[in-house]
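Read off the chains here:
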Amino acid sequence: MTHELTVAVAKGRVLEEFQNLWELAGWPWPVTNGRALWFPPSSRAPGLIIARGQDIPMLVQRGIAAFGVVGRDILEEKGAQGVLEVLDLHIARCHLALASPVDHWPDGPVRVATKYPNIAHRYFAERQHPIEVVQLSGSLELAPHIGLAPYIVDIVQTGRTLSHHHLVEVARIMESSAWLIANPAFWRTHQEADVVYQGFVAAVTRLEEECQR
Ligand code: PRP
């Protein structure tokens, strides 16, 4: 079939594992040059846009891409108004944790450095624990060592970054994996939307079978 729809996928952790899923869905991977970020739909595969994770919900909500692939962490942090959350892809699994140099729940009001201010605020509010958030866009693990904040809320995948910086997990906040999201209008009106969705469903099933072998 000739494809018309486009999938926007988040760079980094999600993109690294996404190629396998895309190929398991039966579509040739179009990325041959690390600098190219846009691949139009063709007779063989849907189109592909590679963008920052935090921009993926907006690209789907505006219909620039019919589908998006983005971490649950970003959907929880930024919200996902105007998009459908259609499938857990079970890739890019990680979790968000509260970490510190000492394995000790904060005694009183706590300063936390994070890229996830909304999740951090919600987590501490649910525990009625006062929090001051210092928003950083990266290198969070430095914060406790340079006197910026004694705690961080950050993504943990292998745990190597924490241990390399002599930090320990004090609490596990939420699990995350990549989700397929969709534009509601495309979902309702384009027959191809179901073809793409079914392609991902089949790919997730195959990936799980591969993992069990
Ligand atoms: C995250 C996080 C840690 C690292 C954790 O950064 O901020 O630095 O991954 O992974 P690990 O447990 O396997 O060591 P990410 O790679 O998402 O990059 P970013 O800082 O650009 O978001």
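Residues numbered from 1 in each chain as written. Predicted model: local features only at pLDDT ≥ 70, side-chain atom pairs only at ≥ 80, totals over all residues. Heavy atoms only, no water.

Participant: So what's going on with the packing of helix H1 (residues 13-24) against helix H7 (residues 191-212)? Which residues, and what values?
Facilitator: In contact at an axis separation of 8 Å, H1 and H7 are set at 110° when each is read in the N-to-C sense. In this view, H1 runs roughly perpendicular relative to H7, as classed from their interaxial angle. As for how H1 packs across H7, the hand of that crossing is right-handed. Note on element contacts: H7 touches H1 through Phe-200, Ala-203, Val-204, Arg-206, Leu-207 and Glu-210, opposite Phe-18, Asn-20, Leu-21, Trp-22 and Leu-24. Counted by class, the contact of H1 with H7 contains 8 nonpolar, 1 polar and 2 charged residues. (Axes fitted to C-alpha atoms, helices over the stretch in contact; angles between N-to-C directions. Helix = DSSP H or I, 4+ residues; strand = E, 2+ residues; numbered from the N terminus. Parallel < 35°, antiparallel > 145°, perpendicular 65-115°, else oblique. Left-handed = near helix turned anticlockwise from the far one by under 90°. Contact = heavy atoms within 4.5 Å. Nonpolar A, V, L, I, M, F, W, Y, C, P; charged D, E, K, R; others polar.)

Participant: Could you give an account of the domain arrangement of the protein chain, naming the residues involved and the relevant values?
Facilitator: If you check the domain split of the protein chain, you get domain 1 (6-92 + 177-212) and domain 2 (94-175). The distance between the C-alpha centroids of domain 1 and domain 2 comes to 29 Å. In this assembly, 7 residues from domain 1 lie in contact with 12 residues from domain 2. When domain 1 packs against domain 2, the two sides together hide about 820 Å² of surface, and 45% of this comes from carbon and sulfur. Area buried by domain 1 at its contact with domain 2 is led by Arg-13, Asp-73 and Glu-77, which between them contribute 66% of it. (Domains from an automatic or database assignment. Buried area = accessible area lost by both parts, 1.4 Å probe.)

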